[in-house]
Amino acid sequence: MSEEVKPESVSLYSVSAAATPEQEAVCIFGTGDLGRSLGQRLLQSGYRLVYGSRRPHSCGPIPPGAQVMSHEIAARSASLVFVCVHREHYDFLETLAPHLKGKVLVDVSNNLKKNMYPEANAEFLQRLIPGAHVVKAFNTLSAWALQNGPSDANRQVYLCGNSLEAKQAVAEIATKLGFNVQDRGSLSAARELEDFPLQLFPEWRLPMRLTIGLTAFFFFYLLIRDVIFAYVNQGKDNSFRIMVSLANKVFPIVSLILLSLCYLPGVIAAFLQLYRGTKYKRFPDWLDRWMLCRKQLGLIALALASLHVLYTLIIPIRYYVRFRLAANTISQIKENKTSVFDTTMGWRTDSYYSMGILGFGLYLLLGIASLPSVSNALSWREFSFIQSKLGYLTLFFCTFHTYLYGWDKFLFISSFKWYTPPGYMLCLVVPSVVLLLKLLLLLPCVDKSLTRIRQGWERTDPEDDSKKSLLAKDCQKL
Ligand code: NAP
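Nothing here was measured: the structure is a model prediction, and the numbers come from that model. Each chain carries its own residue numbering, running from 1 in the written order of its sequence. Since the coordinates come from a predicted model, pLDDT governs what is reported: local features require at least 70, and pairs of side-chain atoms require 80 or more to be given and counted, while whole-chain, interface and lining totals use all residues. The basis for every side-chain value is the complete set of heavy atoms in the structure, and neither hydrogens nor water enter the calculation.

## Some remarks on the overall build of the protein chain
- Strands are runs of DSSP state E lasting at least two residues, helices are runs of H or I lasting at least four, and both sets are numbered from the N terminus onward. For the protein chain, the count of helices and strands is 20 helices and eight strands.
- Over its C-alpha trace the protein chain gives a radius of gyration of 32 Å, far above what one expects of a compact globule, namely 23 Å for 478 residues.
- In terms of overall dimensions, the protein chain has a C-alpha envelope of 100 × 80 × 40 Å along the principal axes.
- We call a residue buried when its accessible area falls under 20% of the maximum for its residue type, exposed when it is over 50%, and partly exposed in between, using a 1.4 Å probe and counting protein chains only. Sorting the 478 residues of the protein chain into buried and exposed places 42% on the buried side.
- Contact definition: two residues touch when any of their heavy atoms are within 4.5 Å. In the protein chain, 73% of the contacts between residues at least 6 apart in sequence involve partners at least 24 apart.
- Total accessible area on the protein chain is roughly 27,400 Å²; 62% of this is exposed by carbon and sulfur atoms.
- Positive residues here are Lys and Arg, negative ones are Asp and Glu, while His and the chain termini are left out of the count. Charged side chains are reduced to one point each, which is NZ for Lys, CZ for Arg, CG for Asp and CD for Glu. Between the averaged position of the 51 positive side-chain charges in the protein chain and that of its 37 negative side-chain charges there is a distance of 8 Å. The globule rule used here is 2.2 Å times the number of residues to the 0.38 power, and the radius of gyration it is set against is calculated over C-alpha atoms. The accessible surface values rely on the Shrake-Rupley method and a 1.4 Å probe; as for residues, cover is taken only from the protein chains in view.

What follows is the structure, encoded as structure tokens:
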């Protein structure tokens, strides 16, 4: 068996694997949930199946057509053994070491949490049975997924191992079972594969924390300004506003900030590249992490913008709004007064709504384009046109929508209750900064330098150059 260490993912599907399965024997240790589901699939794919069990005569139900034997006899009847037993019970395998020599052992185990043991389960198994060829595989699939056949989310079988032939044997089985195989390299990758099923939306964590933090901050900020202020200063109970008015302020505020946070790291990265004069230096870790969660930030921003749209649509049917309208009309009738149509107000509200609608329309387009089925159908240029150019346009429309909402209220001292600016003014800070910085980057001289850097050009440091030439002279003298 040849030793092989290849970190990149390679499809191990071979043409021979597509052929009709022969009655090849495969062994499974353990008649538990995974052992049973895997066994059923193996039988359906035409394999002869032998179970190795502690209690061959009294084990639980097994798929019809399979045989159950002691571990020792079962191990002898096949060259490939799936170990469907929890790692804590691996000790019994040590006694079987002579019977497992030269065989392929497939470790399917997972742990309850990360770093539970000093070494990966598969490496532990390899240490217990040094004569066997251990392959880590199938651990990212659930017994349920195996029973029901591969669905889109469960099409991959990741595997790793030190022997290419052993991996090839496991890959052929996985392919016959209908899975796509991804080779993750040598057995040292087993820890990474064992951590896969423990991950819970890792790329959503930072965006969710940010969303919760911003939502909580703006909720309390607006509660103080809109409800507590009115109660303290005018003795008015505005608490009913929490349900719709406050929510309809918090959601768009957080949405706009999150949308601008999608574009801020790109702008920071561009300025960093300009400052360094090269694209070949790594970005700081925090910037890398930030850039990696832009899609999630954008999707949350879209969800909040959609809520804002829904809350806005119900404004005309709100009791509070209908009451105010009726009261206003009645008072005009009583006073025999008619208010004059204000064209400026007409322009203001129409432009405000129009910008909001355009912004939301583009928001939806960005969200749709980020769906894998859509983005996979786009070329890189098309994708970056939508996410970058149209993305900035979305940010512009939404920011302009908020400026129009504020109109001249920015100048009124009465807007600053308890010396605090309204929420929409606060939320304009980040998007305005992002748009301003982007505008700077679009200046022809800046854009030209950035494009050159992104095409691989590097600014040489004159100090470095003089050092290099001195070094060259020294070398020549020697
Ligand atoms: P399970 O239902 O508890 O079955 C484990 C089997 O191991 C038992 O049925 C038993 O079979 C055998 N066993 C129990 N104690 C033993 C001992 N002291 N010595 C020897 N054999 C013993 O567990 P499972 O859900 O099938 O999981 C099996 C392995 O697959 C685990 O490592 C798990 O992490 C991994 N896995 C499970 C799933 C899943 O969806 N269930 C998904 C991915 C990976 P006998 O009575 O026949 O000996």
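## Here we look at the pairing of strand β6 (residues 133-137)
- For β6, a buried count of five out of five residues is recorded, marking the element as mostly surrounded by other parts of the structure.
- The alternating pattern of β6 places His-133, Val-135 and Ala-137 and Val-134 and Lys-136 on opposite faces, both of which are buried.
- Any two strands with at least two DSSP bridges between them are considered paired. As paired elements, strand β5 (residues 104-107) and β6 share four bridges and run parallel to each other. Paired with Val-104 across the strands is His-133, a residue of β6.
- Handedness of a crossover is defined as follows: orient the strands so they point away from the viewer, and if the path from the first strand over the helix to the second runs clockwise, the crossover is right-handed. A crossover links β5 with its parallel partner β6, the connecting element being helix α5 (residues 121-128), and its sense is right-handed.
- Sheet topology note: the β6/strand β7 (residues 156-161) ladder contains three bridges and is antiparallel. Along β7, the bridge assignment pairs Lys-136 with Cys-160.

## Considerations on the site of the ligand
- Whether a residue is near a molecule or strand is decided by its heavy atoms; if any one of them lies within 4 Å of it, the residue is near. Neighbouring the ligand are 19 residues; Thr-31, Leu-34, Ser-53, Asn-110 and Ala-143 lie closest to it.
- Residue composition of the shell around the ligand, by class: seven nonpolar, ten polar and two charged. Each residue gets one label: Ala, Val, Leu, Ile, Met, Phe, Trp, Tyr, Cys and Pro are nonpolar, Asp, Glu, Lys and Arg are charged, and the others, such as Gly, are polar.

## Re the packing of aromatic side chains
- Pairing of aromatic rings covers Phe, Tyr and Trp, the last counted by its six-membered ring, and requires centre-to-centre distances within 6.5 Å; plane angles under 30 degrees mean stacked, over 60 mean edge-to-face, and any other angle means tilted. Counted by the stated rule, this structure contains 23 aromatic pairs.
- Between Phe-251 and Tyr-311, the ring centres sit 5.8 Å apart and the planes meet at 35 degrees, which makes this aromatic pair tilted. Of this pair, Phe-251 sits in helix α10 (residues 247-276) while Tyr-311 sits in helix α12 (residues 294-313), and the two are 60 residues apart along the sequence.
- Three or more aromatic residues link up through ring pairs in this structure, and these residues are Tyr-352, Tyr-353, Tyr-403, Tyr-405, Phe-410 and Tyr-424.
- Throughout this description, the term charge over a ring refers to an Arg CZ or Lys NZ atom that lies within 6 Å of the ring centre and within 35 degrees of the ring normal. Cation over ring: Arg-452 sits above Trp-457, and NZ or CZ is 4.3 Å from the ring centre.

## Some remarks on the packing of helix α16 (residues 380-406) against helix α18 (residues 429-442)
- Every angle, taken between N-to-C directions, lies between 0 and 180 degrees, and every axis is a line fitted to C-alpha atoms, over only the stretch in contact when it is a helix. Where α16 meets α18, the closest approach of the two axes is 10 Å, and the angle between their N-to-C directions is 135 degrees. Here α18 runs oblique to α16, going by the angle between their axes. The handedness of the crossing between α16 and α18 comes out as left-handed. Of the residues in α18, those in contact with Tyr-392, Leu-395, Phe-396, Thr-399 and Tyr-403 of α16 are Pro-431, Ser-432, Val-434, Leu-435 and Lys-438.
- A per-class count over the contact of α16 with α18 returns seven nonpolar, two polar and one charged. Should an angle fall under 35 degrees it is called roughly parallel, over 145 degrees roughly antiparallel, and 65 to 115 degrees roughly perpendicular, with every other angle called oblique. In this scheme the handedness of a crossing depends on how the near helix is turned from the far one: anticlockwise by less than a right angle means left-handed, clockwise means right-handed.

## A closer look at unusual backbone geometry
- Within the chain, Phe-201 stands out as a residue other than glycine whose phi angle is a positive 45 degrees.
- Given the relative accessible area of 58%, Phe-201 is considered exposed.
- Its identity is not glycine, yet Asn-336 carries a phi of approximately 55 degrees, on the positive side.
- Summarising the element assignment, Asn-336 is placed in the loop between α13 (319-335) and α14 (343-369).
- We classify Asn-336 as exposed; its relative accessible area is 71%.

## Quick look at empty space enclosed by the protein
- Lining residues are defined by having an atom within 4 Å of a point belonging to a cavity or pocket. Those points lie on a 1 Å grid over the protein atoms alone, cavities being sets where a 1.4 Å probe fits but cannot get out and pockets being open sets with protein on both sides within 12 Å along at least five of seven lines. Grid points are joined across faces, edges and corners, and a volume is the space filled by probe spheres set on the points. Here the structure, examined in full by the defined rule, presents one cavity of 30 Å³ or more.
- Of the pockets and cavities examined, the largest cavity occupies roughly 40 Å³.
- Lining the largest cavity are Asn-111, Lys-113, Lys-114, Asn-115, Met-116, Arg-191, Glu-194, Asp-195 and Leu-198.
- Looking at the lining of the largest cavity residue by residue, the class counts come to two nonpolar, two polar and five charged.

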